[in-house]
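# Residue-level structure breakdown
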Amino acid sequence: MENIDTARLVYDSLGWNIAVCGKSRNHRDPKKNTMDILNLVDELLTFPQVDSYRIVIYGFSGQGAQALSVALSFPLLFGGVITQCAHDALIRDIDRENVPGLPVVLLTREKDWNRGRNEKIKALLDRLGANAKLIVTPGVHRIGDAKELLFLCREITKLWQD
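The shown structure was predicted, so the numbers you read here are calculated from the model rather than taken from an experiment.

### Regarding helix 3 (residues 62-73)
- For helix 3, built from 12 residues, the straight-helix expectation of 16 Å at 1.5 Å per residue is met to within 8% by its first-to-last C-alpha distance of 17 Å.
- Most of helix 3 sits out of view: 11 of its 12 residues are buried.
- Among all positions in helix 3, only Gly62, Gly64, Ala65, Gln66, Ala67, Leu68, Ser69, Val70, Ala71, Leu72 and Ser73 are buried.
- The secondary structure elements touched by the buried residues of helix 3 are helix 2 (30-44), strand 1 (56-60), strand 2 (80-84), strand 3 (103-111) and helix 4 (115-128).

Structure follows, in structure tokens:
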């Protein structure tokens, strides 16, 4: 719950809305997570105030991997992806035709066990033509605070302008 409250403060300060896919979890069938995320996006798109070009999918660690997987498979549904300390194990079925230009902000830490994977993800995204940025901060594998999340959200908005 504290992570949702942290995110809510950040998104409110930016004038963004937050929607949480409550069923998506680590150590759950990624296909079920994907379906639940896509169902949430479908529901969001029924609201006229939702800008379909600005839906950002976010995740930390395993859910960051899930976010990348879904966004790379269905890039036309997302305005971007933000991950913290994600891995690459779920990246499959990439929609290579529509990934070019997709804004992606990857954050890893100097001593994150997934740092090497983030570097591989960044190289893959570059080859695919995504608009990707890799940020390496001090520390170990952990979720960031509100200040870091605000920074990452501002970084994705910069990529929208590129």
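From this point, things continue past the structure.
### Quick notes on the pairing of strand 1
- Burial of strand 1 is one-sided: the residues Ile57 and Gly59 facing one way are buried, the residues Val56, Tyr58 and Phe60 facing the other way are not.
- Read from strand 1 through helix 3 to strand 2, the crossover connection turns out right-handed.

### A look at the packing of aromatic side chains
- This model, assessed by the stated rule, comprises zero aromatic pairs.
- A cation over an aromatic ring shows up here: Arg54 above the ring of Trp160, its NZ or CZ 4.1 Å from the ring centre.

### Side note on the pairing of strand 4 (residues 131-140)
- The pairing of strand 3 with strand 4 spans eight bridges and is parallel. Bridged to Val104 within strand 4 is Ala132.
- Handedness of the crossover is the feature at issue here: the chain leaves strand 3, passes through helix 4, returns alongside strand 4, and the resulting connection is right-handed.

What counts, and where the lines are drawn
Residues numbered from 1 in each chain as written. Predicted model: local features only at pLDDT ≥ 70, side-chain atom pairs only at ≥ 80, totals over all residues. Heavy atoms only, no water. Helix = DSSP H or I, 4+ residues; strand = E, 2+ residues; numbered from the N terminus. Expected span 1.5 Å × (residues − 1). Buried < 20%, exposed > 50% of the residue type's maximum accessible area, 1.4 Å probe, protein only. Contact = heavy atoms within 4.5 Å. Right-handed = clockwise from strand over helix to strand, strands pointing away. Phe/Tyr/Trp six-rings, centres within 6.5 Å; stacked < 30°, edge-to-face > 60°. Lys NZ or Arg CZ within 6 Å of the ring centre and 35° of its normal. Pairing = 2+ DSSP bridges.

What is shown is where atoms sit, not what they do.
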